[in-house]
Amino acid sequence: GAGVSQSPSNKVTEKGKDVELRCDPISGHTALYWYRQSLGQGLEFLIYFQGNSAPDKSGLPSDRFSAERTGGSVSTLTIQRTQQEDSAVYLCASSSGPNGELFFGEGSRLTVL
Amino acid sequence: DQQVKQNSPSLSVQEGRISILNCDYTNSMFDYFLWYKKYPAEGPTFLISISSIKDKNEDGRFTVFLNKSAKHLSLHIVPSQPGDSAVYFCAASAKSGAQKLVFGQGTRLTINP
């Protein structure tokens, strides 16, 4: 497809389990972002990848969160030992460069029981 | 610390009238502002933006106004149409942060026929 693709669209997990969320950006986009939206909140920046530069991890809320981007394309956001407060919609976006328009995926809704 | 605030969680407007969505920010380093629109189960989509060197930007039915001294921006939609019903997010960034956008909490706009 032409847009940003995220999977899974919904994930329900038990507290303490690890989860992986995947993002396929638009082909050719060098910048990739992860945001999350908790209930009643705005979008919260998590991490930003730009080309081969070191990622900006300044938004990751704890060391249980990590992300990687393999081959400059697909990205995986990993949450270890999930907690109930991790429940949110995790949104991925890509852009053609650091100043390009962001195109968002539909998000992955994570529910931690 | 909410750097971008949308104080109205919801707004209801009659079709054909003007919709005005407001946004306030606290960080004087922000120099680029955007509005995103989000339908249920979809990712946010870019609507309109404004640079801090301007005080107004217009695109069809959508106009964004920026008041730097008040650290306030607003989105005007006129005339409002039923398809405009969505959640609208205000976002801001600083040059040093590239497109690391800071989002408001969103305002749910409902256009009544």
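No experiment lies behind these values; they were computed from the predicted model shown.

Section: the overall build of chain A
- Within chain A, the regular secondary structure consists of zero helices and ten strands.
- Taken against the 2.2 N^0.38 rule, which gives 13 Å for 113 residues, the C-alpha radius of gyration of chain A at 13 Å falls within 12% of a compact globule.
- With the C-alpha coordinates aligned to their principal axes, the bounding extent of chain A is approximately 35 × 25 × 25 Å.
- Looking at the 113 residues of chain A, the share that counts as buried comes to 50%.
- Within chain A, residue pairs in contact and separated by at least 24 positions form 55% of the contacts whose partners lie at least 6 positions apart.
- In chain A, which carries 10 positive and 12 negative side-chain charges, the distance between the mean positions of the two groups comes to 4 Å.

Structural notes on the state of the cysteines
- Applying the stated rule across the entire model yields two disulfides over all chains.
- Across a sulfur-sulfur distance of 1.9 Å, C23(A) and C92(A) are joined as a disulfide pair. Torsion about the S-S bond of the C23(A) and C92(A) cystine: about -65°, corresponding to left-handed handedness. Within this pair, whereas C23(A) is found in strand β3 (residues 19–24), its partner C92(A) is found in strand β8 (residues 88–95), the two being separated by 69 residues in sequence. An identical accessibility class is assigned to C23(A) and C92(A); each is buried.
- Disulfide partner of C23(B): C90(B), at an S-S distance of 2.0 Å. Across the S-S bond linking C23(B) and C90(B), the dihedral sits near -70°, which makes this disulfide left-handed. Of this pair, C23(B) sits in strand β3 (residues 19–25) while C90(B) sits in strand β9 (residues 86–93); the two residues are 67 residues apart in sequence, bridging distant segments of the chain. Taken as a pair, C23(B) and C90(B) share a single burial class, namely buried.

Points about the packing of aromatic side chains
- Applying the stated criterion to the full structure yields eleven aromatic pairs over all chains.
- Plain terms: the ring middles of Y36(B) and F46(B) are 6.0 Å apart, the flat faces sit at 75° to each other, and that makes the pair edge-to-face. Remark: F46(B) occurs in strand β5 (residues 45–51) and Y36(B) occurs in strand β4 (residues 32–38); sequence separation between them is ten residues.
- Since its relative accessible area comes to 28%, F46(B) is described here as partly exposed.
- Here the aromatic residues Y35(A), F45(A), F104(A), Y36(B), F46(B), F89(B) and F103(B) are joined through ring pairs into a cluster of three or more.

Quick word on the side chain of T78(A)
- By secondary structure assignment, the location of T78(A) is in strand β7 (residues 75–79).
- Note on T78(A): relative accessible area 17%, which makes it buried.

Brief notes about the interface of chain B and chain A
- Facing the 15 residues of chain B at the interface are 20 residues of chain A.
- Summing both partners gives a buried area of about 1,400 Å² for chain B against chain A, and 60% of it is carried by carbon and sulfur.
- Counting the contacts that link chain B with chain A gives zero salt bridges.
- For the pair chain B and chain A, the number of links is one residue pair in polar contact (both at pLDDT 80 or more).
- Among the residues making up the side of chain B that touches chain A, the classes are represented as eight nonpolar, four polar and three charged.

Definitions and limits used
Residues numbered from 1 in each chain as written. Chains lettered and ligands numbered in written order. Predicted model: local features only at pLDDT ≥ 70, side-chain atom pairs only at ≥ 80, totals over all residues. Heavy atoms only, no water. Helix = DSSP H or I, 4+ residues; strand = E, 2+ residues; numbered from the N terminus. Rg over C-alpha atoms; globule rule 2.2 N^0.38 Å. Buried < 20%, exposed > 50% of the residue type's maximum accessible area, 1.4 Å probe, protein only. Contact = heavy atoms within 4.5 Å. Lys, Arg positive; Asp, Glu negative; His and termini not counted. Charge placed at Lys NZ, Arg CZ, Asp CG, Glu CD. Disulfide = S-S within 2.5 Å. Phe/Tyr/Trp six-rings, centres within 6.5 Å; stacked < 30°, edge-to-face > 60°. Buried area = accessible area lost by both parts, 1.4 Å probe. Salt bridge = Lys/Arg side-chain N within 4 Å of Asp/Glu carboxyl O. Polar contact = N/O pair within 3.5 Å; in protein donor to acceptor, adjacent residues only side chain to side chain. Nonpolar A, V, L, I, M, F, W, Y, C, P; charged D, E, K, R; others polar.

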